[in-house]
Structure formats: structure tokens, C-alpha cells
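Structural overview
Here is how the chains run, residue by residue.
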Amino acid sequence: MITVVKPSTRILSVMYYAREPGKINHMRYDTLAQMLTLGNIRAGNKMIVMETCAGLVLGAMMERMGGFGSIIQLYPGGGPVRAATACFGFPKSFLSGLYEFPLNQVDSLLNGTFSAEMLSSEPKDSASVEESNGTLEEKQTSEQENEDSMPEAPESNHPEEQETMEIVSQDPDYKEPKERGSKKDYIQEKQRRQEEQKKRHLEAAALLSERNADGLIVASRFHPTPLLLSLLDFVAPSRPFVVYCQYKEPLLECYTKLRERGGVINLRLSETWLRNYQVLPDRSHPKLLMSGGGGYLLSGFTVAMDNLKADPSLKSSTSTLESHKTEEPAAKKRKCPESDSTFQKLL
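Residues numbered from 1 in each chain as written. Predicted model: local features only at pLDDT ≥ 70, side-chain atom pairs only at ≥ 80, totals over all residues. Heavy atoms only, no water.

1. Describing the overall build of the protein chain
Rule in force here: By definition, any uninterrupted DSSP run of H or I lasting at least four residues is a helix, any uninterrupted run of E lasting at least two residues is a strand, and each is numbered from the N terminus. Summary of the burial criterion: residues with accessible area below 20% of their type's maximum are buried, those above 50% are exposed, and those between are partly exposed, where the area comes from a 1.4 Å probe applied to protein chains only. For the accessible areas, the method is Shrake-Rupley and the probe is 1.4 Å, while residue cover comes only from the protein chains on display.
What the protein chain contains, in helices and strands, is 12 helices and nine strands. Among the 347 residues that make up the protein chain, the fraction classed as buried is 31%. In the form shown here, the protein chain has an accessible surface area of approximately 22,400 Å², with 54% of it arising from carbon and sulfur atoms.

Below is the structure:
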């Protein structure tokens, strides 16, 4: 019997962890639930997510937010991977609040040197490269046809086999222009998609530059310390952040760096422990096989940084205030003997 079930975060996370745990960085489903709870994922939030778990964390956040609010996904490489997100079957209204931004442009956004030209240069280069690749492929196929046609004249023993091999090898090259309609239409479609992508990137940059995100979720295969230290600047004060890692040592280093940096409170490094139970009449007991670990979580809250250390003028004012404060007890001590003498006279 086969039952068709509506996809959910629990079903997809259990499936990925059981069949392909490497694609989600060995994140167990109870750890994902802890991330959603500690990150305070709810409708109307403005969240930042950096994940390399095939889009499972992104899909879980979108499901919990219900299409209300905005999510900015930071991705490495050429584009975001959303294989698991597509399995949820979200409507188009859910995708309207989803933005994406390349991770290699975060430093320029923090330094204030980000511009639209930095985004426009990448697609143009890629388009020119692909167009040049197309022309090169056509030239190579034509050269191969000429080379193949030369030895075909003397060798007429197996013409049918050679023709079938050539047709099979050349079919994909010749089908491409038929499927696309024409090369100009394909190029126009590509340019339109690039313009839309550039527009979405600029909108994501505008949202990030406001630096008032309601939370940060990091679950990637990269080292969490540089990611978290750079992305925390986009989060508003008194907001939660959660970092997932398969191993404990990178999170310990991240913990010490955050304590030295400041601006965070309630830091906690945790690991969830899960055991499945068999519940049957007179045979209820823990299962013998259980997972060894589901990863580690580093969570905390952001607070406003104290800028007294940075400004020397504020330092001088604080030093004068401290000097006034130290002088006050000395004046009070002088009054003490007078009060004692008056007290003795009264006696």
C-alpha cells in the first residue's frame, strides 16, 4: 500500500537524515526543531539565513513563517541550492518574500563600497562566456563533421554504423536551436532573467543595509566564526541567533571569539540527545539502535555595543565623573566627627 502524504518539515528532515545525511550536514530532525525554536522563527519576521543543507533549513523557515515576512538567503558560489525547498511545494505567494544575495559581496556591503555595477558585471561575463562557448561548440562540431567526412570516402565498408553513430552524437547539438525556437529569443530570455535577478539582489542589499534583521540562522559546511562575526552586524539588538555545526570544536572557537568581541549575551553551546522508544503491550523499551549525535548548536542574543572604549572624549568625561564620585565620600567623612561630637553633647 502507498499513501500520499503532504510534505512537511518533519517528513523531509527524517527522510534526508535516514537516506542522505551528508547533504544536510548530518543535521537530525530534533536539532532542526531546536534551531527553529531558539531562532524565534515566526510570521512577520525579517530573517537572514546562511545554509548549505540543500535548502532544508530554508524550507522549514518558510513553512513556519507561512508566507508572511521576508527571508534573505546568503549563498556561496554561482547560485543557491534549493532542492529540498522545492519538495515542500510552496505557492508563489511564499516566494515573493524570499530574497537571495551572494556571500562574496557581504564585505563590500559592510564597508559601504557595494554598488549595482558589481552585480551587473558578473552576469554579463557569464553570458558572454556562454555565448562564446556556444560558438566554439558549433565550430568544433563543424570541424568534427569535416574531419569525419574525410575518412568516410575510402572507408565505405560500414557506412550505416558510422551514420548512426554520427546522428546519435550530433542529435543534442541540433535539437538545441529547435527547442529554443531561435537564438535571439533565448538570449532575450536570458537577459530578462539576469535583470530580474539583479533587481532581487539590489532589493536584498537594501534590506541588509537597514541592519535591523530579527534573527540569524547559520547552518553550513564552512567554518562558523568568520560567517557569524560578519553577519551579526546586520542583526538588530535584542535578537536571537543560532549557529549549527556537525562538530563541537569550531563552535568552541566561535564561542571564545564572541566573548572577546562582545555585543552578545546568553551564549549557550548545546547538544540534543534523542532516543527512540518501542511502545507495545508488555514490550515497551528503548530501541537498541540510536543515532550517535545530531550536531551542536550555539545560540545567543545580540545587544547594543558599548562605544565608550572607542571615543577618547567619552573616556575623559567618564574619568572626570569617576573623580567626582571619589571625592564625595571624602567630604562625607569630614562630617562624621562633627555628628559624633553633637551626639556626645546630647548624651
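2. Remarks on the confidence of the model for the protein chain
As a reminder of what qualifies: Confidence scores per residue from the predictor, reported as pLDDT, run from 0 to 100. The contact criterion used throughout is that any non-hydrogen atoms of two residues lie within 4.5 Å.
Confidence in the prediction of the protein chain, expressed as mean pLDDT, is 78, and 69% of residues score 70 or more. Note that residues 123–175 has pLDDT below 50 and, in this model, 15 contacts with residues that lie over four places away or in other chains. Residue range residues 308–333 is modelled with pLDDT below 50. Its contacts to residues more than four positions away, or to other chains, number four contacts.

3. Quick notes on a nonpolar patch on the surface
Heads up, the rule is: A patch is a set of surface residues, each over 30% in relative accessible area and not in a salt bridge, joined within 9 Å for like charges and within 5 Å for the nonpolar side chains Val, Leu, Ile, Met, Phe, Trp and Tyr. In the sections that follow, a salt bridge refers to a side-chain nitrogen of Lys or Arg positioned within 4 Å of a carboxyl oxygen of Asp or Glu.
A cluster of nonpolar residues, Ile 265, Phe 301 and Val 303, forms a patch on the protein surface that exposes about 220 Å² of accessible area. Assignment of secondary structure puts Val 303 in the loop between β9 (296–302) and α12 (312–346).

4. Comments concerning the packing of helix α10 (residues 224–231) against helix α11 (residues 249–261)
Defined as follows: Helix axes are fitted only over the stretch in contact, all axes being lines through C-alpha atoms; the angle between N-to-C directions runs from 0 to 180 degrees. Left-handed is the label given to a crossing in which the near helix is rotated counterclockwise from the far helix by less than a right angle, and right-handed is the label when the rotation is clockwise. Under the grouping applied here, Gly and all other residues not named as nonpolar or charged are polar, the nonpolar ones being Ala, Val, Leu, Ile, Met, Phe, Trp, Tyr, Cys and Pro and the charged ones Asp, Glu, Lys and Arg.
Contact pair α10 / α11: the axes reach a minimum separation of 9 Å and the direction vectors enclose 35 degrees. By crossing handedness, the relation of α10 to α11 is classed as right-handed. Contact with α10, carried on its side by Pro 224, Thr 225, Leu 228 and Leu 229, involves Pro 250, Leu 251, Glu 253, Cys 254, Lys 257, Leu 258 and Arg 261 of α11 and no other residues of that element. Of the residues that constitute the contact of α10 with α11, the class distribution is seven nonpolar, one polar and three charged.

5. Considering the pattern of salt bridges
Following the criterion strictly, the structure yields nine salt bridges and no others. Of the charged contacts, one joins Arg 82 and Glu 100 as a salt bridge, the two residues approaching to 2.9 Å between their closest N and O atoms. Note that Arg 82 is positioned in the loop between β2 (70–75) and α4 (83–88) and Glu 100 in strand β3 (residues 98–102), a separation of 18 residues in sequence. As a salt-bridge pair, Glu 203 and Arg 200 come within 3.4 Å of each other at their nearest N and O atoms. In this pair, Glu 203 and Arg 200 are both assigned in helix α9 (residues 183–209), three residues apart and thus about one turn of the helix distant. Residue Arg 200 is classed as partly exposed on the basis of its relative accessible area, which comes to 26%.

6. Notes on α10
Extensive coverage of α10 is indicated by the burial of six of its eight residues. Taken together, the buried positions of α10 are Pro 224, Thr 225, Leu 227, Leu 228, Ser 230 and Leu 231. Where α10 is buried, its residues meet β1 (46–51), β2, α6 (106–111), β4 (215–219), β5 (240–245) and α11.

7. Considerations on the sheet that holds strand β6 (residues 264–270)
Note the following rule: Strand pairing requires that DSSP identify at least two bridges connecting the strands.
Pairing in this open sheet of seven strands is mixed, and the strands run β3-β2-β1-β4-β5-β9-β6 from one edge to the other. Edge positions in the sheet fall to β3 and β6, since each of these pairs with one other strand and no more. The sheet shows a mean angle of 15 degrees between the axes of neighbouring strands, taken without regard to direction. As paired strands, β4 and β5 are joined by four bridges and run parallel to one another. For Ile 217, the partnering residue across the bridge sits in β5 and is Val 242. The sheet contacts of α9 involve β1, β2 and β3, and relative to β3 the element is tilted by about 90 degrees.

8. With respect to the pairing of β5
Applicable threshold: By the criterion used throughout, a crossover qualifies as right-handed when its path from the first strand across the helix to the second strand runs clockwise, the strands pointing away from the viewer.
β5 sits mainly inside the fold: six of its six residues count as buried. Side chains Pro 240, Val 242 and Tyr 244 of β5 all project onto a buried face; the interleaved residues Phe 241, Val 243 and Cys 245 project onto the opposite face, where all are buried too. Handedness of the crossover joining β4 and β5 through α10 is recorded here as right-handed. Direction of pairing for β5 relative to β9: antiparallel, over a ladder of six bridges. Looking at the pairing, Tyr 244 lines up with Leu 297 of β9.

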